[in-house]
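Structure assessment
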Amino acid sequence: MVHGFDTEVIVVGGGPGGSATAALLADAGHEVVLLDKASFPRHKACSEYVNPGGAAILDELGVGAEARALSCHRMAAMRVHAPGGGSFVADFDRAEAGRAALGLSRHKLDHLLLRRAQAAGVTVRERAHVRDVLTEPGPGGGPRRVIGVEATVDGTRETIRARLVVGADGRHSAVTRALGLDAPVRWPRRTGLVAHYRNVRGLDAFGEMHVARHGYAGLAPLEDGLTNVAFVADVGAVTGRAGSLDAYFSSGLAAIPEVAWKLEGAERVGTVRGVGSMAHRARRATGDGFLLVGDAAAFLDPFTGEGIYAALRAAQLAAPVASTALRAGDVSRRSLAPYAAARRRTFTAKGAVCLVVQGFVHSPPLMDYVTDRLDRRAALGLTLAGVLGNFRPAHQALTPAFLARLLRP
Ligand SMILES: Cc1cc2nc3c(=O)[nH]c(=O)nc-3n(C[C@H](O)[C@H](O)[C@H](O)COP(=O)(O)OP(=O)(O)OC[C@H]3O[C@@H](n4cnc5c(N)ncnc54)[C@H](O)[C@@H]3O)c2cc1C
């Protein structure tokens, strides 16, 4: 126990970002309490595709072998279909031998990562809903600093104090909301609906994305013969729908002929999970006494399939900086600044690539055009596969030479 505090670190949220940060901090010898409002294992609305960069981090965290033992599906490539019927294969294994994405339900993946944190010594408290952050005036009348959280644990209100609070509570983060850090995201404003299916026909070892005029669908094979089926559309189209969410989901998929064919005779397992607007951004990821990882800090859109990677990578960037700050007895924003700088170095260029890809996805003629070029110009496709898979530097897909070769007729 740290003097005047209940623990050294509180991590709010036990998704990939929270569990990985908690595990790495506990590995470094810190006392960590992780709070999650859910009971694990729990489902999470997600396409459940861990990109090659994310799969590599699972290995670095020491859980890759266990993920594979859960018979997760190995995807050596992703086939992307454009609205006009063209397609290209983002071939990870050809871009770099041995690279592959994984399909594993969040029910299993998140539980695996949470158990990794527990094994490292993290105290995990489930059904612990964080309602607010606790702050006190900074030294010399400076900005207020975070010193804990207010939570409802199994229905009982608790105040829990810590030297550092890590906000890892996802897109609807209570931590960013309480700190007034939510920044408006005007575009893209998409929402995603997902469900598990059995007996989807015509799938090979690849994952699939199907872009259509009314939205896009994703098919990701998972463990135990399950397939994750997702449909993503503009928020307005989903909120303004005439019938039920189920009916909207089914008709969105049915209007994409190749997806409709693959789902003919398939059986849906469980409910359709939906979310509100998906994009989220916090004004900053550090402050006095706190830092943010994963979707709580930033999330754009699932098309490029990297939210899990970004959450795990943020944990790897945050933990050493937080550990140094805790040992120095100074968890001020200035002390945590190296994490903010590491985020900029790691995520800014990739964020720009994702915005460019969003531009293509939102414009069917452009999507048809670039899909055709990527299919015919193999080297471009391999560069993009590496960048989207997070094993090649993102700036490779932003150079004038790359863009000129992609866009020239
Ligand atoms: C439809 C859809 C499809 C997606 N598909 C993919 C994909 O295929 N591949 C990919 O890489 N990414 C995908 N993403 C993104 C991915 O799901 C996220 O980027 C990833 O889950 C972020 O991890 P996280 O740990 O930051 O947050 P989360 O995984 O959201 O975890 C947050 C945790 O915090 C807990 N929590 C929330 N609020 C509180 C609170 N107040 N108190 C206590 N606990 C709280 C929640 O219970 C949850 O366990 C998709 C997202 C959506 C919406």
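The preceding data block contains the structure.
One structure accompanies this document, and this report is about it. The shown structure was predicted, so the numbers you read here are calculated from the model rather than taken from an experiment. (Residues numbered from 1 in each chain as written. Predicted model: local features only at pLDDT ≥ 70, side-chain atom pairs only at ≥ 80, totals over all residues. Heavy atoms only, no water.)

Structural notes on helix α8 (residues 245–254)
Among the residues of α8, those classed as buried are Y248, F249, G252 and L253. The buried side chains of α8 occupy one side of the element, clustering within an arc of 125° when seen end-on. (Buried < 20%, exposed > 50% of the residue type's maximum accessible area, 1.4 Å probe, protein only. Helix = DSSP H or I, 4+ residues; strand = E, 2+ residues; numbered from the N terminus. Arc of directions from axis to C-beta.)

With respect to the side chain of H81
Following the sequence through the fold, H81 ends up in strand β5 (residues 77–81). H81 has contacts with G86, S87, E208, M209, H210, V211 and E258, leaving out every residue within four places of it along the chain. (Contact = heavy atoms within 4.5 Å.)

Describing the packing of helix α10 (residues 307–328) against helix α11 (residues 337–361)
For any two helices packed against each other, one specifies the crossing angle of their axes together with the interaxial distance. Closest axis-to-axis distance for the α10/α11 pair is 9 Å, and the angle between their directions is 145°. As α10 packs across α11, the resulting crossing turns out to be right-handed. On α11, the residues that touch Y309, A310, R313, A314, L317, A318 and V321 of α10 are P338, Y339, A342, R343, T346 and F347. (Axes fitted to C-alpha atoms, helices over the stretch in contact; angles between N-to-C directions. Left-handed = near helix turned anticlockwise from the far one by under 90°.)

Some details on empty space enclosed by the protein
Unoccupied space between atoms shows up once a probe the size of one water molecule is rolled over them. On inspection of all chains with the given rule, the structure shows two cavities of 30 Å³ or more. If you add up the space inside the largest cavity, you get close to 60 Å³. Looking at the largest cavity, the residues that line it are V353, V356, V357, F360, L384, A397, F402, L403 and L406. For the lining of the largest cavity, the secondary structure elements donating two or more residues are α11 and α14 (400–407). The leading source of residues in the lining of the largest cavity is α11, at four residues. For the lining of the largest cavity, the residue count by class is nine nonpolar, no polar and no charged. In this structure, the second largest cavity encloses a volume near 40 Å³. Forming the walls of the second largest cavity are H43, K44, A45, C46, E48, V194, H196, N228 and R273. A breakdown of the residues in the lining of the second largest cavity according to their chemical character gives three nonpolar, three polar and three charged. (1 Å grid on protein atoms, 1.4 Å probe; cavity = no way out; pocket = protein on both sides within 12 Å on 5 of 7 lines; lining within 4 Å. Points joined across faces, edges and corners; volume = space filled by probe spheres on them. Nonpolar A, V, L, I, M, F, W, Y, C, P; charged D, E, K, R; others polar.)

Observations regarding the environment of G54
Relative to the assigned elements, G54 resides in helix α2 (residues 52–60). For G54, a relative accessible area of 0% corresponds to the buried category. A sequence separation of 312 residues divides G54 from L366, and the C-alpha atoms of the two residues are 29 Å apart.

Some remarks on the sheet that holds strand β7 (residues 101–103)
Pairing is antiparallel in the open sheet, where three strands are placed in the order β3-β7-β4. With one partner strand each, in any of the chains shown, β3 (49–50) and β4 (73–75) form the two edges of the open sheet. Here β4 runs beside β7; their pairing, made up of three bridges, is antiparallel. Residue M75 lies in a different strand from β7, and its bridge partner there is A101. (Pairing = 2+ DSSP bridges.)

What to know about helix α13 (residues 378–388)
Helical geometry note: an α-helix holds 3.6 residues per turn, so side chains three or four residues apart project in the same direction. Taking burial as the measure, the eleven residues of α13 include nine buried ones, the bulk of the element. Against the buried residues of α13 lie β6 (87–91), α4 (92–95), α11, α12 (364–376) and α14. Immediately downstream of α13, the backbone of N390 shows phi near 60°, a positive value.

Regarding the environment of A20
Of note, A20 is situated in helix α1 (residues 16–27). Overall, A20 belongs to the buried group, its relative accessible area being 1%. Sequence separation of A20 and A314 is 294 residues, and the distance between their C-alpha atoms is 9.0 Å.

A look at a positive patch on the surface
Together, K37, R131, R157 and R177 line one region of the surface with positive charge. Mapped onto the elements, K37 comes out in the loop between β2 (32–35) and β3. We classify K37 as exposed; its relative accessible area is 57%. (Patch = residues over 30% accessible without salt bridge, like charges linked within 9 Å, V, L, I, M, F, W, Y side chains within 5 Å. Areas by Shrake-Rupley, 256 points an atom, 1.4 Å probe, with all protein chains shown as cover. Salt bridge = Lys/Arg side-chain N within 4 Å of Asp/Glu carboxyl O. Lys, Arg positive; Asp, Glu negative; His and termini not counted. Charge placed at Lys NZ, Arg CZ, Asp CG, Glu CD.)

A few points about the nonpolar core
In this structure, V149 and Y339 are the most contacted members of the largest nonpolar core, which totals 72 residues. With twelve residues, the single largest contributor to this core is α10. Apart from the residues within four sequence positions on either side, Y339 is in contact with A285, T286, L291, L292, V293, A314, L317, A318 and V321. Formed by 36 residues, the second largest nonpolar core is a distinct cluster that contains A95, V232, A385 and F391. (Core = buried A, V, L, I, M, F, W, Y, C linked by side-chain atoms within 4.5 Å.)

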